[in-house]
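Tertiary structure, described
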Amino acid sequence: MTNELTFIQKHEFLLRRIHSLTGLVPVGLYMCVHLITNASILNGVEAFQNAVYAIHSLGNALVFVEWGAIFLPLLFHAIFGVYIAYSGQFNTSSYGTAKNWRYVAQRITGLIAFVFIVSHVAHMHGWFHVGFWEKLMHSLGLAQFRAYNAASTAAMAMQANIVWPILYAIGIAASVFHFANGVWTMGITWGVWISPAAQKRADRICAAIGVGILLIGFSALGGFMTLDAQKAEDIENRMYTESVNTGRVVPNAKKLTNPKLLEEQAGTAKP
Amino acid sequence: MAKQRVVVVGGGLSGLSMTMKLCELGIPVDLVSLVPVKRSHSVCAQGGINSCNDATRQLGDSEWKHFDDTVYGGDFLNHQPPVKEMCEWAPKVIDLMDRLGVTFNRTGEGFLDRRRFGGTLYKRTAFAGATTGQQLLYALDEQVRRWEAEGLVRKFEHYDFTSPIVDDNGACRGVVIQNLHSMEFLALPADAVVVASGGPGLVYGRSTMSVMCNGSAASRCFRAGAKYGNAEFIQVHPTAIPGADKLRLMSESARGEGGRVWVPRRSQDTRDPKLIPESERYYFLEERYPAYMNLVPRDIATREIFDICVNEGLSVDADKMCVYLDLTHIPKAELDRKLGGILDIYQKFQGVDPREVPMKIFPAVHYSMGGLWTDYERSSSGGLVVGSPRNHETNIPNLYAIGECDYHYHGANRLGANSLLSCIFTGLMVGPGIENKLKQSKTAAADLPPAVFQQAVAAAKEQHQAVLQRPSSDQNPYQIHQELGDLMTRAATVVRRNDQLKAAIATVEELEQRANVATVVDTGSWTNQNVIFTKALMDMFPLAKAILWGALQRDECRGAHFKPDFSMPSLTSDTREGRLQEAEQWCDRFQANTDKWLKSTIATLVDGQPKLSYEDIDTSSIPPRPRLYGLVGAEEIETVWKRRAAAKSAQVDPMAARAAAAPAVASL
Amino acid sequence: MIASNQPSVIKVRVKRQDGPGQAAYWQHFDIPYEENLNIISVLQKIAAKPITRDGQRVAPIAWDCGCLEEVCGSCTMLINGRVRQSCSALIDRLLEDSPSGEVVLEPMSKFPVVRDLVVDRARIFQALKKVKAWVEVDGYFDMGPGPKQSRTQQEAAYPLSECMSCGCCLEACPQYAKVEVIREAGESEEAYRQRVEAANSVAFIGPHAINQAVLFNSNPTGQFKKAERLEALTEPGGIQVCGNAQNCVAVCPKHIPLTTSIAQAGRAVTVHAVKKFFE
Ligand SMILES: Cc1cc2nc3c(=O)[nH]c(=O)nc-3n(C[C@H](O)[C@H](O)[C@H](O)COP(=O)(O)OP(=O)(O)OC[C@H]3O[C@@H](n4cnc5c(N)ncnc54)[C@H](O)[C@@H]3O)c2cc1C
Ligand code: HEM
Ligand code: SF4
Ligand code: SF4
Ligand code: FES
């Protein structure tokens, strides 16, 4: 049998296992951390801003972490995931079991998550911090997030129109389902839970985790939707000035909504 | 010289064990089967496989006892050397199957669990749930797949064996086969051909057998000149459930695990069986056979059911023979562990849970003791010369027959769980004989002039075309098959009468004429099941006729062949003295009958008609004795018989006298 | 069933196809109602009298069957859209569940159609070869009994070894895609079969084969070849293709715990792969 194997065929096992793994770490784990971080908005603007400071304390290394540990694994998982989704054939019309529906849902929520994450990153982060690209994104109403005005920019972005919150709600729900169900299937794939009874127990645990994360995600969303952005910005600006003074944050105009204002303040403060 | 090859026709237990053994000996095999071999009929076998074992040995069992039970159960129609050899191999066969990974049930300590089967008092039967045949077949299928992966086996699955290729010297040099999808014919040269094609259940229309058990392969050898032995010995199993398409077996293991057969004492009692109190139930087998109880040999159990239903009018169903087989007193967990497979079948097809409600069961055609005549070479110790090329060779040189399609081992009645044994045993045992056969020959069939094979293919094609191109008639092959089945079931099953048999022979002739002109609706040349069925139907007639003629001519009762007009009476006298007197006469008559009828019926086909002759039986190890399970007066007959036997052998050899008497004691 | 509910005819719709690669078409048959029929007996009745509802005389329907008691695995087909064994599909039961009162028969969709309801399932057996589903004994001479096994071991192995290669699990598996190679004009049987095998060899082996690998890896002697079987499970078309829809276990007529076997194999290949990486 002389068979020309494609790259994917040849490394199918490894690729599938990496795909499975990337779903959990870093992508899944990151999502959880991300949603929990966001939910700190419920503890006030300061709490959230402090969390963001912590992340951004990585400074220039942040871009490498973002790409190396989040975006690239995510892109791999997503793109290979789309390939996997297309290689299967849905047949719930004949075999309408719950498990089969979840198999379908895993693929559909993956695709939704993909669309959502691409737009979410574009909406907030803008993907690349390169001059012309940033300008383009801004002109499209994207790349709205400013790390040193974290809560207020996020809130304004969410409050700009009703489309974004709806998209976020769907996206978060889909991602969380995908993650929780994915952890469960992963446990079978890797042979963590084996017997039907164990699989059922694991299923309940995964469902509980899913519901928990979903609540966290939605409360964050609610938090931003109801936040008074103006007040928040004042608080953030105060924190910024203080933090720059104490050396906690490295000044960076790009991470501010209104750098001029703060420059002036800084100018008067610093002899 | 080209490499010598063997063709094995049939991938049931016998064909697969043969294939695997030949491969071990380095002989390449072409394996031909109608269906993927994993789907062969052996997969249906439920109950188990027999051997004497460490536990029974300590209760007095031995290979010899197994041998004795088999020939006694078979009413001494079995040639004894092959049976003796088989029983001696039996423990080793089971050991081998265990090593091959068969999931036999285990005892708490991890040994093979055993159950009791019909016709013996020992728990000899190893089993894997109630799907033993399936598990055994899979183990062999796996081994053959392994050899296939190594290139020693070529499988021809979805192929029909249409004829052996017989050369001018009358020797078999290969086979013609037909692809069931492309309908193309192919000749496979072979230095030995082994037919392992199973039983002919379809001759009876519906039976417990699978749909490919049409007997066509054996019949085609019969047509080619092979002799057919003991055709009239057809086993009717006492316990099956009827269906429009098949009679599904409820294995003897149900009784082996404690199942009890009964009918309400009151005729046509319509009460729910569970509401019928013990006192109003007639456990007729237990009452009539206190030693063997529900586990009498099958021919006897079937006749008792017939007697209860037809003569005593106690059938549970008004219009069919039907009795209860009751398992409801056995704990469910145990039932599931040991009988799950058959209970599922019952529940699936009858819609009733047999763990809760007694099963309604019926007798059904099950097994053919008869089959292609084959030779053997007797060893000095009364067994076989293993490695002899004569073992299992038909009268056509190089053509062998093994498994259910040969006529050995089971005599006039097969004991449960002995067939799986005989199938695997013959494959293993005959392999080395075939190796020697090949060694004897300096040529390979593949080196023969191609014309030999081309002619054979051309003849097969021509016959096929002739069937396809028949002028349209109103004869329908499926209709004819149904009529044939009904007829055979009426005339040649539990009870046989000469007038009925004669009438049946005439009708079968008519049916054959009709089959020979029946129209095939499908005249295409792709996966034409219609024409394949029609050809198989035509090949059922030689066997049907051999069965009917054999039955007609055999004016006696022996095992499964029962003619009330020639039955041996029970003793009637009330006193022991009187009975002893009667027993003398009884024994005289028995001896006369034995002298006349203890012979295999051998059929040869001449111009489409079976010609019968009779062959003496090799009873060199165990002299024939009356088969007395449960007969009234059995004790007296036995006394008389033993005295006579002892006297007889004392004349010959005083040492043997004691030996001859021994088995009779053990058989109660 | 109550007598008044019984229809006078059984309406049967059959998807037919004359040969590989040809177009499929439907035919309708009306069979006089009888009690206790199964699909096989209905097909037998059609074979005996192949006349459609419109009175057209047609070629009898081709189909596979063997044991007629659900142990041989021959008679798999789609019945009212779902895969199952046709010998155990009882008409009375089907009519109860089918509001349209119709019985629809189709060939399996994941295997190439040979004709009508007959499909080519050679791929099933090829997968068994790939995972070396056998115990590698030295030979068939008498070497005494096999290793002792506990009842627990036997009770775990027995269900797995009941697989009758029917292919129900494969038909229902969303990850099991059909592989069909059309024979070229003038191509020899041998060459064609080789092409088919090559195409099959990289496609999903399916849950039944994973289950067999687990069965033989748990056999005391079979486990000597464990590494080779695990290797085979990670080759192209191996266990990784499974997407955990668990349809296989839901449709298996033998109730084989396929997803348990898949998880077990998943663990074994994980351990095997990691070990191999660091060895
Ligand atoms: C329901 C049932 C239960 C049984 N239970 C037991 C039991 O518990 N214990 C026991 O000892 N015995 C039992 N038996 C008997 C036993 O199963 C059979 O006698 C035995 O399996 C026969 O095996 P075999 O190898 O001779 O043939 P089979 O298994 O019948 O195989 C025949 C092979 O020949 C092939 N073939 C046939 N005709 C052709 C042809 N024309 N061209 C090509 N190939 C052909 C078939 O495809 C098949 O591969 C049972 C029988 C039945 C019916
Ligand atoms: C962005 C688009 C995404 C797509 C298209 C996608 C697609 C998929 C697909 C098809 C699977 C099933 C793989 C299989 O069963 O073989 C899967 C599994 C998984 N995904 Fe995603 N996914 C995406 C994003 C995510 C995200 C954001 C997360 C984390 C929250 C995630 C976590 C997981 C996990 C944990 C699994 C289980 C892996 C397994 O079963 O082995 N995925 N994904
Ligand atoms: S669990 Fe895996 S093998 Fe079973 S149906 Fe789902 S995808 Fe197919
Ligand atoms: S695992 Fe079940 S469904 Fe699959 S082939 Fe085996 S018996 Fe059929
Ligand atoms: S005919 Fe054997 S499984 Fe249906």
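Source: prediction; values computed, not measured. Sequence order as written defines residue numbering, which begins from 1 separately in each chain. For naming, the first written chain is A and the first written ligand is 1, with later ones following in the order written. Reporting of local features is limited, given that this is a predicted model, to residues whose pLDDT is at least 70; pairs of side-chain atoms are given and counted only at 80 or more, and all residues count toward the totals for whole chains, interfaces and linings. As a convention, hydrogens and water are excluded, and side-chain values are obtained from all of the structure's heavy atoms.

**Focus: the interface of chain C and chain A**
Note the following rule: When checking whether two residues touch, look at their non-hydrogen atoms; a contact exists if any pair is within 4.5 Å. Note on terms: buried area is the combined drop in 1.4 Å-probe accessible area of two parts once they are placed together, counting the loss on both. For this analysis, a salt bridge means a side-chain nitrogen from Lys or Arg found within 4 Å of a carboxyl oxygen belonging to Asp or Glu. Here a polar contact means two N or O atoms within 3.5 Å. Within protein one must be a hydrogen donor candidate and the other an acceptor candidate, and residues neighboring in sequence count only if both atoms are side-chain atoms. Each helix corresponds to a stretch of at least 4 residues labelled H or I by DSSP, and each strand to a stretch of at least 2 residues labelled E; elements are numbered beginning at the N terminus. Three classes are used, and their members are as follows: Ala, Val, Leu, Ile, Met, Phe, Trp, Tyr, Cys and Pro are nonpolar, Asp, Glu, Lys and Arg are charged, and the others, Gly among them, are polar.
Listed by partner, the interface residues are 41 residues for chain C and 30 residues for chain A. Summed over both partners, the interface of chain C with chain A comes to about 2,800 Å²; 53% of that surface belongs to carbon and sulfur atoms. The tally of links between chain C and chain A comes to zero salt bridges. Counting across the interface, chain C meets chain A through 18 residue pairs in polar contact (both at pLDDT 80 or more). Per element, the largest residue contribution to the side of chain C that touches chain A is nine residues, and it comes from helix α10 (residues 258-278) of chain C. For the side of chain C that touches chain A, a count of residues per class yields 18 nonpolar, 17 polar and six charged.

**Comments concerning the sheet that holds strand β2 (residues 24-32) of chain C**
Two pairing modes exist for strands in a sheet, parallel and antiparallel, and in both the strands are linked by backbone hydrogen bonds. Residues and elements named next belong to chain C. Using the following cut-off: By definition, two strands form a pair when at least two bridges between them are found by DSSP. Only the stretch in contact is used when a helix axis is fitted, and all axes are lines through C-alpha atoms; the angle between N-to-C directions ranges over 0 to 180 degrees.
Strand order in the open sheet formed by five strands is β2-β1-β5-β3-β4, with mixed pairing between adjacent strands. Every other strand in the sheet has two partners, leaving β2 and β4 (82-85) as the edge strands with one partner each. On average, adjacent strands in this sheet sit at an angle of 30° to one another, irrespective of strand direction. Bridge count for strand β3 (residues 76-79) against β4 is four bridges, and the pairing is antiparallel. If you follow Ile79 over to β4, its bridge partner there is Arg82. With respect to the sheet, helix α1 (residues 39-48) is in contact with β1 (9-17), β2, β3 and β5 (102-106), its orientation differing from that of β2 by roughly 95°.

**Some words on the interface of chain B and chain C**
Every contact between the two is made by 66 residues of chain B and, on the other side, 74 residues of chain C. Broken down residue by residue, the surface that chain B buries against chain C is led by Arg39, Arg99 and Arg146 of chain B, which jointly contribute 14%. One can count six salt bridges joining chain B with chain C. One salt bridge connects Glu69 of chain C with Lys246 of chain B, and the closest N-O pair in it is separated by 2.9 Å. Summed over the shared surface of chain B and chain C, the number is 33 residue pairs in polar contact (both at pLDDT 80 or more). When residues of the side of chain B that touches chain C are traced back to their parent elements, those giving at least two are α1 (13-24), α4 (80-99), α5 (132-149), β13 (248-249), α10 (332-350) and α15 (529-553) of chain B.

**Quick word on the environment of Val166 of chain B**
All names here are of chain B. Rules: Note on classification: 1.4 Å probe, protein chains only; a residue is buried when its accessible area is under 20% of the maximum for its type, exposed when over 50%, partly exposed between these limits.
Relative to the assigned elements, Val166 resides in strand β7 (residues 159-166). Accessibility expressed as a relative area gives 34% for Val166, which makes it partly exposed. Sequence spacing of Val166 and Gly48 is 118 residues, and the spatial spacing of their C-alpha atoms is 38 Å. With residues near it in sequence (within four places) discarded, Val166 still touches Ala171, Cys172 and Ile396.

**As for the coordination of the iron atom of ligand 2**
Reference values for angles at a metal are 109.5 degrees in the four-donor tetrahedral case and 90 or 180 degrees in the six-donor octahedral case. Residues and elements named next belong to chain A. Operational definition: In this listing, donors mean N, O and S atoms no farther than 2.8 Å from the metal, or 3.2 Å for Na, K and Ca; water is missing from the atoms, so a site can look incomplete. Labels for metal geometry use angle windows, namely 85 to 135 degrees for all angles of a four-donor tetrahedral site, and for square planar (four donors) or octahedral (six donors) sites opposite donors over 155 degrees apart plus all others within 65 to 115; sites meeting none of these are irregular.
Each protein donor to the iron atom of ligand 2 is listed here as His77 (NE2) and His178 (NE2); together their distances run 1.9 Å. For the iron atom of ligand 2, the six donor atoms in the first shell make angles of 85 to 179° at the metal, a pattern classed as octahedral. Of this pair, His77 sits in helix α4 (residues 62-87) while His178 sits in helix α8 (residues 163-189), and the two are 101 residues apart along the sequence. For His77, a relative accessible area of 14% corresponds to the buried category.

**Regarding the packing of helix α3 (residues 63-73) of chain B against α4 of chain B**
Residue and element names in this part refer to chain B. Stated precisely, the cut-off is as follows: Every angle not falling under 35 degrees, over 145, or within 65 to 115 is termed oblique; those three ranges are roughly parallel, roughly antiparallel and roughly perpendicular. Should the near helix be turned anticlockwise from the far one by less than a right angle, the crossing is termed left-handed; should it be turned clockwise, right-handed.
Interaxial distance between α3 and α4 falls to 9 Å at its minimum, and their mutual angle equals 135°. Classed by the angle they form, the pair α3 and α4 counts as oblique. The hand of the α3/α4 crossing is right-handed. Residue-level inspection shows Glu63, Trp64, His66, Phe67, Thr70 and Val71 of α3 in contact with α4, the latter providing Gln80, Val83, Lys84, Cys87, Glu88, Ala90 and Pro91. Tallied by class, the residues present in the contact of α3 with α4 amount to seven nonpolar, three polar and three charged.

**Description of unusual backbone geometry**
For the bond from Val25 of chain A to Pro26 of chain A, the omega torsion is 0°, close enough to zero to count as cis. Checked against the element boundaries, Pro26 of chain A lands in helix α2 (residues 12-39). One non-glycine residue with positive phi stands out, namely Asp75 of chain B, at about 55°. Mapping Asp75 of chain B onto the fold places it in the loop between α3 and α4. In this structure, Asn36 of chain C is a non-glycine residue whose phi angle is positive, near 60°. Within the secondary structure, Asn36 of chain C is located in the loop between β2 and α1. Looking at Asn36 of chain C, the relative accessible area reads 56%, which means it is exposed.

**Side note on the sheet that holds strand β18 (residues 371-372) of chain B**
Residue and element names in this part refer to chain B. Ordered by their spatial adjacency, four strands build an open sheet running β18-β11-β20-β21, and the pairing between neighbours is antiparallel. Edge positions in the sheet fall to β18 and β21 (609-616), since each has one partner strand and no second. Pairing between strand β11 (residues 228-229) and strand β20 (residues 599-606): two bridges, direction antiparallel. Within β20, the residue paired with Tyr228 across the bridge is Ala603. Strands β11, β18 and β20 of the sheet are contacted by helix α6 (residues 216-223), whose axis makes an angle of about 70° with β20.

**Comments concerning the packing of aromatic side chains**
Test applied: Between rings of Phe, Tyr and Trp, where Trp is taken as its six-membered ring, a pair exists when centres lie within 6.5 Å; planes separated by under 30 degrees are stacked, by over 60 edge-to-face, and by other angles tilted.
By the definition in use, this model includes 31 aromatic pairs over all chains. For the pair Trp67 of chain A and Trp127 of chain A, a centre-to-centre distance of 6.0 Å together with 50° between the ring planes defines the contact as tilted. Linking Trp67 of chain A in helix α4 with Trp127 of chain A in the loop between α5 (98-124) and α6 (131-139), this pair joins segments that are 60 residues apart in sequence. Among the residues examined, Trp67 of chain A registers a relative accessible area of 21% and is labelled partly exposed. Aromatic pair Trp64 of chain B and Phe67 of chain B: ring centres 5.3 Å apart, planes at 80°, arrangement edge-to-face.

**Things to note about the side chain of Ser42 of chain B**
Residues and elements named next belong to chain B. Position of Ser42 relative to the elements: it lies in the loop between β2 (29-33) and β3 (49-50). A distance of 3.1 Å separates a polar atom in the side chain of Ser42 from the backbone nitrogen of Leu13. Those residues in contact with Ser42, other than ones at most four positions away along the chain, are Gly12, Leu13, Gly133, Gln134 and Leu137.

**Details of the confidence of the model for chain B**
Selection criterion: pLDDT expresses, on a scale from 0 to 100, how confident the predictor is about each individual residue.
On average, residues of chain B carry a pLDDT of 95, and 97% of them reach 70 or more. Predicted complex, confidence summary: ipTM 0.97, pTM 0.95.

**Digging into α4 of chain A**
All names here are of chain A. Our working rule: Working rule for helices: expected span equals 1.5 Å times residues minus one. Bend, in this description, refers to the angle at a residue between axes fitted to the seven residues ending there and the seven starting there.
Helix length check: α4 (26 residues) gives 36 Å between terminal C-alpha atoms against 38 Å at 1.5 Å per residue, within 8%. Of all the bends in α4, the largest measures some 30° and sits at Phe71, one to four residues before the proline Pro73. Residues of α4 that are buried in the fold lie against α1 (7-10), α2, α3 (45-56), α5 and α8.

**Here we look at the nonpolar core**
Threshold: Definition of nonpolar core: a set of buried residues of the types Ala, Val, Leu, Ile, Met, Phe, Trp, Tyr and Cys, connected through side-chain atoms within 4.5 Å.
Among the nonpolar cores identified, the biggest contains 171 residues, and Ile49, Met97 and Ile434 of chain B together with Leu233 of chain C are the most heavily contacted of them. When residues in this core are grouped by element, the largest group, ten residues, is from helix α11 (residues 419-440) of chain B. Beyond its immediate sequence surroundings of up to four residues, Leu233 of chain C is in contact with Val131, Ile205, Ile210, Ala213, Gly238, Ile239, Gln240, Ala265 and Val269 of chain C. Within the second largest apolar cluster, 60 residues are counted, among which are Phe161, Phe306, Ile396 and Leu511 of chain B.

**Some remarks on empty space enclosed by the protein**
Residue and element names in this part refer to chain B. The line we're drawing: Lining residues are those with an atom within 4 Å of a point, where the points come from a 1 Å grid over the protein atoms alone and group into cavities, where a 1.4 Å probe fits but cannot get out, or pockets, open sets with protein on both sides within 12 Å along at least five of seven lines. Grid points are joined across faces, edges and corners, and a volume is the space filled by probe spheres set on the points.
Applying the stated criterion across every chain yields a total of ten cavities of 30 Å³ or more. Lining the largest cavity are 48 residues, with His41, Ser42, Gly198, Cys213 and Glu404 sitting closest to its centre. Mapped by element, the contributors of at least two residues to the lining of the largest cavity are α1, β2, β7, α6, β17 (359-368) and α11. Taken together, the residues of the lining of the largest cavity sort by class into 19 nonpolar, 22 polar and seven charged.

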